Amino acid sequence: MQAAPVRAIAIPTLSDAFRGLESLLMSGARRNAWTAVLEDRKRAKDRVETEHVLEAAATRTPQAT
């Protein structure tokens, strides 16, 4: 009868643990950065729309009553 082969299990090192933690934290940072980009785009779009409304109001002539 033959003995079952022994499998070596790699024990994670401290640097592996830090890399895993860094990866977890950076994924959150990327998500937050993308959210900030989307908010900036929305503010820019709103600002352009507001400028168009103000320009239209400024060029409009008052109507006689």
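In terms of regular secondary structure, the chain is built from 1 helix and 0 strands. For the chain, whose C-alpha radius of gyration is 30 Å, the value lies well above the compact-globule estimate of 11 Å for 65 residues. Along the three orthogonal principal directions, the C-alpha set of the chain runs to about 110 × 25 × 15 Å. Out of the 65 residues belonging to the chain, those deemed buried represent 2%. Accessible surface, the chain: about 6700 Å² in total, of which carbon and sulfur atoms supply 62%. The chain carries 10 positive and 8 negative side-chain charges, and their two centres are separated by 7 Å.

A cluster of nonpolar residues, Leu14, Phe18, Leu21, Leu24 and Leu25, forms a patch on the protein surface that exposes about 560 Å² of accessible area. Within the secondary structure, Leu24 is located in helix H1 (residues 14-59). For Leu24, a relative accessible area of 57% gives the class exposed.

Let's shift gears to the environment of Asp40. Within the secondary structure layout, Asp40 lies in helix H1. Its relative accessible area of 43% is what places Asp40 among the partly exposed residues.

Cut-offs used in this document
- Residues numbered from 1 in each chain as written.
- Predicted model: local features only at pLDDT ≥ 70, side-chain atom pairs only at ≥ 80, totals over all residues.
- Heavy atoms only, no water.
- Helix = DSSP H or I, 4+ residues; strand = E, 2+ residues; numbered from the N terminus.
- Rg over C-alpha atoms; globule rule 2.2 N^0.38 Å.
- Buried < 20%, exposed > 50% of the residue type's maximum accessible area, 1.4 Å probe, protein only.
- Areas by Shrake-Rupley, 256 points an atom, 1.4 Å probe, with all protein chains shown as cover.
- Lys, Arg positive; Asp, Glu negative; His and termini not counted.
- Charge placed at Lys NZ, Arg CZ, Asp CG, Glu CD.
- Patch = residues over 30% accessible without salt bridge, like charges linked within 9 Å, V, L, I, M, F, W, Y side chains within 5 Å.
- Salt bridge = Lys/Arg side-chain N within 4 Å of Asp/Glu carboxyl O.

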